[in-house]
Amino acid sequence: VVQIVREELFCRVEEGIEASRYYQLFDLLDPEREVLVLVGRLEPEDPYQRALLDRCAELRWRDAVHRTGWQPEAAVGAWLAAADAVVLPFAAGGGAWNSSLHAAVLQGTFVLTTAVERHGYEPQTNVYFAVPGDLHDMRVALDRHAGTRLPAVAPGLAEWPAVAEEHHAIYRSVTGIGE
């Protein structure tokens, strides 16, 4: 999860967002305007996480990156609520299955994600769907929509228990477990 706050950028290391997509963020974002805040434990022994830490240590990013270490859910939620944007650059595109997307949308925060079947801004959810890898489109969307907010838990959006039950129902239907 990456969030842009006018002066801070928040990143929560999450499975499913490939290393190359995190690295693309360094090309998408501007350390002169944004600060990258990494929330989550980063282990230098892990090759991907070491590469991410090395990228953060580059001279141009050195003063524009802050690491918080592990944070409880409530603190992560507070970062989501404070952000001007959440960026989820999935290589194959994101979708309704993504809990980080749901968490950001429930906060009313602008979300920039990738999709292969959808494109453009959806004002009812405050989500922009970009083609995976299209950094120009993503930057234009950030410049245009960052800071746009809906009320938290916007009308018509699912509450977390409903999201959890939907995930459980899908899991049961796919695996046959728990029926």
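Residues numbered from 1 in each chain as written. Predicted model: local features only at pLDDT ≥ 70, side-chain atom pairs only at ≥ 80, totals over all residues. Heavy atoms only, no water.

Asker: Could you clarify how one ought to interpret the packing of aromatic side chains in this entry?
Answerer: Within a pair of aromatic rings, the relevant descriptors are the distance that separates the centres and the angle that separates the planes. The full count for this structure, using the stated rule, is 2 aromatic pairs. Consider the rings of Phe26 and Trp61, whose centres lie 5.1 Å apart with planes at 90°: the pair is edge-to-face. Highlighted residues: Phe26 in helix H1 (residues 19-28) and Trp61 in helix H3 (residues 59-62), separated in sequence by 35 residues. The exposure classification of Phe26 matches that of Trp61, with both residues buried. Pairing Phe110 with Tyr121 gives two aromatic rings, centres 6.3 Å apart and planes at 45°, and the pair type is tilted. Note that Phe110 is positioned in the loop between helix H5 (99-107) and strand E6 (111-114) and Tyr121 in strand E7 (residues 120-122), a separation of 11 residues in sequence. (Phe/Tyr/Trp six-rings, centres within 6.5 Å; stacked < 30°, edge-to-face > 60°. Helix = DSSP H or I, 4+ residues; strand = E, 2+ residues; numbered from the N terminus. Buried < 20%, exposed > 50% of the residue type's maximum accessible area, 1.4 Å probe, protein only.)

Asker: Whenever I open this one, the nonpolar core confuses me. Can you help?
Answerer: Across soluble globular proteins, you tend to see nonpolar side chains buried next to one another. Core analysis: the biggest nonpolar cluster contains 24 residues, and Leu28, Leu36, Trp61, Leu112 and Leu142 have the highest contact counts within it. Secondary structure elements with two or more residues in this core: H1, strand E3 (36-39), helix H2 (47-56), strand E5 (85-88), strand E8 (127-130) and helix H6 (135-145). Among the elements that make up this core, the one with the highest residue count is H2 (4 residues). Listed in part, the 12 residues of the second largest apolar core include Leu88, Phe90, Val105 and Val111. (Core = buried A, V, L, I, M, F, W, Y, C linked by side-chain atoms within 4.5 Å.)

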